[in-house]
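# Structure at a glance
Residue strings, one per chain:
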Amino acid sequence: MCVTAVESRPAGVALTPNSGGHRPFGARVKAFVALTKPRIIELLLITTVPVMFLAAQGVPDLWLVLTTTVGGYLSAGGANALNMYIDRDIDALMDRTSQRPLVTGMVSPRECLAFGIGLAVFSTLWFGLLVNWLSAALALGALLFYVVVYTMLLKRRTSQNIVWGGIAGCMPVLIGWSAVTNTVSWAAVILFAVIFFWTPPHYWPLSMKVKDDYARVGVPMLPVVATNRVVAKQIVLYSWVMVAVSLLLTPLGYTGWFYTAVALLSGGAWLWEAHGLQNRAKAGVTGAKLKEMRLFHWSITYVSLLFLAVAVDPFLR
């Protein structure tokens, strides 16, 4: 899924692939955990749990919250493991991914494939038996979309990869709502759209920072095939749409004053940063002075604040 964060390199002994060297048990455990990309999944859970509070208009059943978040972690972890299996060739050539478990040899490709498929199957059954089958179908759909549509079909072929591939990262919103109601409402669709329009301007600043990595392996992320000025313009356009969509919940009666205030203030801060990046790009600023990562880091804070407001708002109405 294309909801992202800067990953920590997994702890472990660096080995060359298939070296057959000693692989300590503790390091192996950490490597398998690293296959699930825990820091990325943190963001997915940030969007899942608050939506459950909104759907319940208060505190949802805590057992349901636990089973949904565990199922979400397992499903997203399976998708991420399969993503690493497919991308192991380019991961070995990129600086930011050179210490992933398949590259170092801490986990073999066969082990990774079996691990990813196992998590996919187990998480689907987990959702179906402990939550509901609608949530199971949505989780499986997100996993297949991320692995097949994004990783296998879009990522290496089009600069719009993260735009459409980001749909997988929007699905936890629908899963959280359906876990509580066994349906999907317009509120969930609106929040789905918020994440859809959030994903490109969240990820493109990071892509600007590491575009040499992507260029080296032939992945056409937008900053690789377009100038900083063009990328920054696209970031601003998506940002305005994202903020506008986030404000639809209140006039439709799903949220009140608290959510609206947070959406306006955090959205305003986002637009300030986005326009700042665009102004620097227009001026021809490059390197560290472009400060593209300021928007990337703020994007994580923004989505955290917005969805915290989603969870708190029902208690203040």
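Below is a summary of the structure that appears in this document. (Residues numbered from 1 in each chain as written. Predicted model: local features only at pLDDT ≥ 70, side-chain atom pairs only at ≥ 80, totals over all residues. Heavy atoms only, no water.)

### Let's talk about the packing of aromatic side chains
Throughout the structure, instances matching the rule amount to 10 aromatic pairs. Ring plane angle 15° and centroid distance 5.5 Å describe the contact between tyrosine 146 and tyrosine 150, whose orientation is recorded as stacked. Taken as a pair, tyrosine 146 and tyrosine 150 lie in helix α7 (residues 133-154) at a separation of 4 residues, close to a single helical turn. Like tyrosine 150, tyrosine 146 is buried. Summarising the aromatic geometry, the rings of tryptophan 204 and tyrosine 238 are spaced 5.5 Å apart at their centres and angled 85° between planes, so their arrangement reads as edge-to-face. Residue tryptophan 204 is found in helix α10 (residues 186-209), and its partner tyrosine 238 is found in helix α13 (residues 228-246); the two are separated by 34 residues along the sequence. According to the relative accessible area criterion, tryptophan 204 is buried, its value standing at 0%. A relative accessible area of 15% places tyrosine 238 in the buried class. Put simply, the rings of Trp164, Phe196, Phe197, Trp204 and Tyr238 pair up and form one aromatic cluster. Sitting above the plane of the tyrosine 85 ring, arginine 88 keeps its charged end 4.3 Å from the centroid. (Phe/Tyr/Trp six-rings, centres within 6.5 Å; stacked < 30°, edge-to-face > 60°. Helix = DSSP H or I, 4+ residues; strand = E, 2+ residues; numbered from the N terminus. Buried < 20%, exposed > 50% of the residue type's maximum accessible area, 1.4 Å probe, protein only. Lys NZ or Arg CZ within 6 Å of the ring centre and 35° of its normal.)

### Observations regarding the layout of surface pockets
Empty space within the second largest pocket amounts to approximately 150 Å³. Every residue lining the second largest pocket is listed: Met208, Lys209, Lys211, Asn228, Gly287, Ala288, Leu290, Lys291, Glu292 and Met293. For the lining of the second largest pocket, the secondary structure elements donating two or more residues are α10 and α15 (292-312). Across the lining of the second largest pocket, the residue classes break down as 4 nonpolar, 2 polar and 4 charged. (1 Å grid on protein atoms, 1.4 Å probe; cavity = no way out; pocket = protein on both sides within 12 Å on 5 of 7 lines; lining within 4 Å. Points joined across faces, edges and corners; volume = space filled by probe spheres on them. Nonpolar A, V, L, I, M, F, W, Y, C, P; charged D, E, K, R; others polar.)

### With respect to the environment of valine 262
Mapped onto the elements of the fold, valine 262 is located in helix α14 (residues 257-282). Sequence-wise, valine 262 and isoleucine 235 are 27 residues apart; in three dimensions their C-alpha atoms are separated by 21 Å. Look past the residues within four positions of valine 262 in its chain and what remains in contact with it is Gly267, Leu305, Leu306 and Ala309. (Contact = heavy atoms within 4.5 Å.)

### What to know about the pattern of salt bridges
Two side chains carrying opposite charge are able to pair once their charged atoms lie near each other. Evaluated as defined, the whole model comprises 7 salt bridges. The residue arginine 156 makes a salt bridge to aspartate 87 at a minimum N-O spacing of 3.0 Å. Separated by 69 residues along the polypeptide, arginine 156 in the loop between α7 and α8 (161-165) and aspartate 87 in the loop between α3 (62-86) and α4 (88-91) bring together distant segments of the chain. Of the residues examined, arginine 156 reaches a relative accessible area of 31% and is grouped as partly exposed. For aspartate 87, a relative accessible area of 0% gives the class buried. The residue aspartate 89 makes a salt bridge to arginine 156 at a minimum N-O spacing of 2.9 Å. (Salt bridge = Lys/Arg side-chain N within 4 Å of Asp/Glu carboxyl O.)

### Concerning the packing of α14 against α15
Where α14 meets α15, the closest approach of the two axes is 9 Å, and the angle between their N-to-C directions is 170°. Relative to α15, the element α14 lies roughly antiparallel. From α14, Phe258, Tyr259, Val262, Ala263, Ser266, Gly267, Ala269, Trp270, Glu273, Ala274 and Leu277 reach across to α15, where they touch Glu292, Arg294, Leu295, Trp298, Ser299, Tyr302, Leu305, Leu306, Ala309, Val310 and Val312. Looking at side-chain class alone, the contact of α14 with α15 contains 16 nonpolar, 3 polar and 3 charged residues. (Axes fitted to C-alpha atoms, helices over the stretch in contact; angles between N-to-C directions. Parallel < 35°, antiparallel > 145°, perpendicular 65-115°, else oblique.)

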